[in-house]
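The chain contents come next:
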Number of protein chains: 2
Amino acid sequence: MPTLATHKPQANNRREIVLEIAAGFFVRKGFNGTSIRDIAKEAGMLPGSLYYHFPSKEALLVAVFEEGVQRISAAAEAALAACQGNAWERLQAACEAHLVTLLEGSDFASVIVRVLPQDVPGAAEELISLRNDYEKTFIALVDALPLPAGTDRSLFRLMLIGALNHVPLWYRPGRETPSNLARQIVANLRFAQDNTKTEGKRT
Amino acid sequence: MPTLATHKPQANNRREIVLEIAAGFFVRKGFNGTSIRDIAKEAGMLPGSLYYHFPSKEALLVAVFEEGVQRISAAAEAALAACQGNAWERLQAACEAHLVTLLEGSDFASVIVRVLPQDVPGAAEELISLRNDYEKTFIALVDALPLPAGTDRSLFRLMLIGALNHVPLWYRPGRETPSNLARQIVANLRFAQDNTKTEGKRT
DNA sequence: ACTATAACCAAACAATCGTTTGCTTTTATG
DNA sequence: CATAAAAGCAAACGATTGTTTGGTTATAGT
């Protein structure tokens with residue numbers, strides 16, 4: 001069979017620009033607080049033109065979300081690849097990468113924390129699935145910790161993620177660095193577990 | 001002086017019903033995801049009728065927010081009044097009340113966690129102020145803790161609040177009780193601080 | 001040069017949004 | 001009963017929403 005329609009006139013230049021602008025709006029205004037016209041206007045395009053790149057507003061959010069998960073995952077895995085320490089040090093490295101990406105990285109990662117799946121009914125399950133994929137890394141990291149028997153590792157992980165993802169709500173640049181904050185957060189959870197007497201917090 | 005216009009035909013029955021319905025929508029759909037018509041419909045009223053009770057949608061949200069702060073504050077202070085223990089036990093009591101109110105109390109308190117001030121531009125400062133009033137309680141509780149010198153108590157408190165307010169995003173009734181979760185969350189932060197060697201996490 | 005696709009414009013669509021206005025019903029008090 | 005305020009209805013206002021449709025320009029391969 002001959003080469004049928006092997007054209008490729010150009011790359012999607014504007015598509016990535018639109019994604020970046022959309023990420024900014026979604027982070028600052030939320031999903032329902034952002035209009036297609038907001039994004040199009042900042043991109044120097046007309047509202048309808050966005051529908052060449054994305055079939056719907058929800059699909060645009062999903063694309064931003066996917067990019068965010070990919071970026072923060074890449075940051076965490078890169079940090080882990082460069083860390084040869086023990087389980088606590090590896091967890092700390094991942095948390096540093098996580099927080100640095102949230103606070104100083106692009107807006108893509110922040111969308112993951114800002115936009116709730118229930119805000120996007122048509123794609124809620126997909127967003128949850130994407131987030132779960134990323135958090136699997138933390139499940140493994142927490143599982144590797146030398147925690148006292150009886151410790152609820154699931155709760156421990158959710159505590160940590162809750163504390164980390166809460167930082168963007170109060171963080172102000174100039175005081176502590178994101179890395180320092182992550183280190184302190186992990187440290188505050190670390191020593192607590194070292195001398196616990198396994199006294200029954202569960203039966 | 002004679003009694004001039006001392007009428008009071010009735011109390012604001014419907015007003016509180018509207019508030020409760022609004023709280024439910026704000027929690028589940030967010031502020032921008034909730035329409036006046038949604039609330040009015042569930043209240044069995046017409047959209048315009050809400051404007052007799054509240055001058056605007058934002059004012060309605062503020063009213064819900066205020067009620068939420070009052071309820072969760074009352075729960076925390078009641079728990080503290082009934083607790084004669086040490087600083088850690090008092091913190092635990094407040095956290096239990098906080099989490100129980102968030103997970104099992106009315107929707108009013110959940111609105112505080114769900115709706116971000118930036119979603120309501122015209123009342124953002126007021127919402128922040130209301131939240132800060134409540135969190136002052138936790139500032140005092142954390143200040144009273146016997147933490148090792150050099151510990152950033154502000155970060156410690158923000159970690160705790162972050163972990164607590166994150167629970168509604170993953171909590172599923174039937175497993176652990178809210179009280180149990182709060183106790184474990186505090187416990188996970190407690191022992192960490194007991195044997196810290198004051199090794200410089202800050203200079 | 002011809003053609004097919006990419007990329008976007010221009011303009012509108014129906015639906016929904018928060019809100020306003022004028023009128024009616026209800027309710028408690030004198 | 002009379003009255004005045006409370007509470008709500010009915011209906012619309014202009015603005016904004018996500019989206020569609022058809023036409024236009026740009027670009028690259030044959």
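The structure we're discussing is the one just above.
Everything numeric in this text was worked out from a predicted model, so none of it was measured.

The rules behind each value
- Counting starts from 1 at the beginning of each chain's written sequence and moves along it residue by residue.
- Naming scheme: in the order in which they are written, chains are lettered from A and ligands are numbered from 1.
- Given that this is a predicted model, residues contribute local features only at a pLDDT of at least 70 and side-chain atom pairs are listed and counted only at 80 or more, while totals for whole chains, interfaces and linings are drawn from all residues.
- With hydrogens and water stripped out, all remaining heavy atoms of the structure feed into the side-chain values.
- To qualify as a nonpolar core, a set must consist of buried Ala, Val, Leu, Ile, Met, Phe, Trp, Tyr and Cys residues joined through side-chain atoms within 4.5 Å.
- The cut-offs for exposure are 20% and 50% of the maximum accessible area for each residue type, with area from a 1.4 Å probe on protein chains only; residues under the lower value are buried, those over the upper are exposed, and the others partly exposed.
- By definition in these notes, contact holds between two residues if any of their heavy atoms fall within 4.5 Å.
- Definitions used throughout: a 1 Å grid over protein atoms alone; a cavity as a set of points that fits a 1.4 Å probe which cannot get out; a pocket as an open set with protein on both sides within 12 Å along at least five of seven lines; a lining residue as one with an atom within 4 Å of a point.
- Grid points are joined across faces, edges and corners, and a volume is the space filled by probe spheres set on the points.
- Numbering goes from the N terminus for both helices and strands, where a helix is a DSSP run of H or I of at least four residues and a strand is a run of E of at least two.
- Only Asp, Glu, Lys and Arg are considered charged, only Ala, Val, Leu, Ile, Met, Phe, Trp, Tyr, Cys and Pro nonpolar, and every remaining residue, Gly among them, polar.
- For a helix, the expected span equals 1.5 Å multiplied by the number of residues minus one.
- Between the N-to-C directions of two axes lies an angle of 0 to 180 degrees, each axis being a line fitted to C-alpha atoms and, for a helix, fitted only over the stretch in contact.
- Crossings are assigned a handedness: left-handed for a near helix turned anticlockwise from the far helix by less than a right angle, right-handed for a clockwise turn.

A. The arrangement of the nonpolar core in detail. Grouped together as the largest cluster of nonpolar side chains are 126 residues, with contacts concentrated most on Phe26 and Leu91 of chain A together with Phe26 and Leu91 of chain B. Not counting chain neighbours up to four residues away, the residues in contact with leucine 91 of chain A comprise Phe138, Leu141, Val142, Leu145, Leu160 and Val186 of chain A.

B. Spotlight on empty space enclosed by the protein. Considering all chains together, one arrives at three cavities of 30 Å³ or more under this definition. Taken as a whole, the largest cavity holds about 90 Å³ of empty space. At the level of secondary structure, the elements contributing two or more residues to the lining of the largest cavity comprise helix H5 (87–104), helix H6 (107–114), helix H7 (124–143) and helix H8 (153–166) of chain B. If you tally residues by element for the lining of the largest cavity, the top one is H7 of chain B, at four residues. Here the second largest cavity is characterised by a volume of approximately 80 Å³. Residue lining of the second largest cavity: Ile72, His98, Leu102, Ala109, Ile112, Val113, Arg131, Tyr134, Glu135, Ile161 and Asn165 of chain A, and that is the complete set. At the level of secondary structure, the elements contributing two or more residues to the lining of the second largest cavity comprise helix H5 (87–104), helix H6 (107–114), helix H7 (124–143) and helix H8 (153–166) of chain A. Along the lines of polarity and charge, the residues of the lining of the second largest cavity split into seven nonpolar, two polar and two charged.

C. Geometry of H5 of chain B. Under the 1.5 Å per step criterion, the end-to-end length of H5 of chain B is 25 Å for 18 residues, consistent within 8% with the ideal 26 Å. Within H5 of chain B, 13 of the 18 residues are buried, which leaves it mostly tucked inside the rest of the structure.

D. Examining the packing of H5 of chain A against H8 of chain A more closely. Residue and element names in this part refer to chain A. Where H5 contacts H8, the two axes come as close as 10 Å, and the packing angle between them is 30°. Handedness of the crossing formed by H5 with H8: right-handed. Across from Trp88, Leu91, Cys95, His98, Leu99 and Leu102 in H5, the residues of H8 making contact are Phe156, Leu160, Leu164 and Asn165. The residue makeup of the contact of H5 with H8, split by class, is eight nonpolar, two polar and no charged.

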